[in-house]
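Listed below are the residues making up each chain.
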Amino acid sequence: MKRVVIGGLLFLTGTAGALSILFFAVNNLVMSYSTFPGRLLCTIEEFGMTLPFWFLVLLVLLGLVILGIEYFKKDD
């Protein structure tokens, strides 16, 4: 049960943080950008939020992995 709570908290923290960065970037889009990463990721990069954004995405994935492992774990 403890791992489920930890996984859920990691997932919710990562989701809230990543969404807040995305909302900020959508409201402050840059005018010049290259075509590969796109306008949204160029905005995140220009404001210096690349490292926190990918860290929060990693937290979301880690939380999902922990929740998935605990969901499919067979208790004897």
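Residues numbered from 1 in each chain as written. Predicted model: local features only at pLDDT ≥ 70, side-chain atom pairs only at ≥ 80, totals over all residues. Heavy atoms only, no water.

A. Looking closely at the packing of aromatic side chains. Overall, the coordinates contain three aromatic pairs when judged by the stated rule. For the pair Phe-24 and Phe-47, a centre-to-centre distance of 5.1 Å together with 75° between the ring planes defines the contact as edge-to-face. In this pair, Phe-24 is assigned in helix α1 (residues 2-27) and Phe-47 in the loop between α2 (38-46) and α3 (50-72), connecting sequence segments 23 residues apart. The class for Phe-47 is partly exposed, based on a relative accessible area of 41%. Between the aromatic rings of Phe-53 and Trp-54, the centroid separation amounts to 5.1 Å while the plane-to-plane angle is 70°, which identifies the pairing as edge-to-face. Among the residues examined, Trp-54 registers a relative accessible area of 46% and is labelled partly exposed. (Phe/Tyr/Trp six-rings, centres within 6.5 Å; stacked < 30°, edge-to-face > 60°. Helix = DSSP H or I, 4+ residues; strand = E, 2+ residues; numbered from the N terminus. Buried < 20%, exposed > 50% of the residue type's maximum accessible area, 1.4 Å probe, protein only.)

B. Fine view of the nonpolar core. With seven residues, the main nonpolar core is built from Ala-18, Ile-21, Ala-25, Ile-44, Phe-53, Leu-56 and Leu-59. Secondary structure elements with two or more residues in this core: α1 and α3. Excluding residues within four positions of it along the chain, Ile-44 makes contact with Ile-21, Leu-22, Ala-25, Met-49, Thr-50 and Phe-53. (Core = buried A, V, L, I, M, F, W, Y, C linked by side-chain atoms within 4.5 Å. Contact = heavy atoms within 4.5 Å.)

C. Structural detail: α2. Within the span of α2, buried status applies to Gly-38, Cys-42, Thr-43 and Ile-44. Tucked into the core, α2 has its buried residues touching α1 and α3. Of the residues one or two after α2, Gly-48 is the one with positive phi, at around 75°.

D. Quick peek at the packing of α1 against α3. For the pair α1 and α3, interaxial distance at closest approach is 7 Å and the crossing angle is 150°. One element, α1, and the other, α3, form an angle in the roughly antiparallel class. For the crossing formed where α1 meets α3, the hand is left-handed. The residue makeup of the contact of α1 with α3, split by class, is 15 nonpolar, seven polar and two charged. (Axes fitted to C-alpha atoms, helices over the stretch in contact; angles between N-to-C directions. Parallel < 35°, antiparallel > 145°, perpendicular 65-115°, else oblique. Left-handed = near helix turned anticlockwise from the far one by under 90°. Nonpolar A, V, L, I, M, F, W, Y, C, P; charged D, E, K, R; others polar.)

E. Representation of the side chain of Thr-43. Looking at the secondary structure, you find Thr-43 in helix α2. There is a polar contact of 2.8 Å between the side chain of Thr-43 and the backbone oxygen of Arg-39. Contact partners of Thr-43, with chain neighbours within four places excluded, come to Ala-25, Asn-28, Leu-29 and Val-30. (Polar contact = N/O pair within 3.5 Å; in protein donor to acceptor, adjacent residues only side chain to side chain.)

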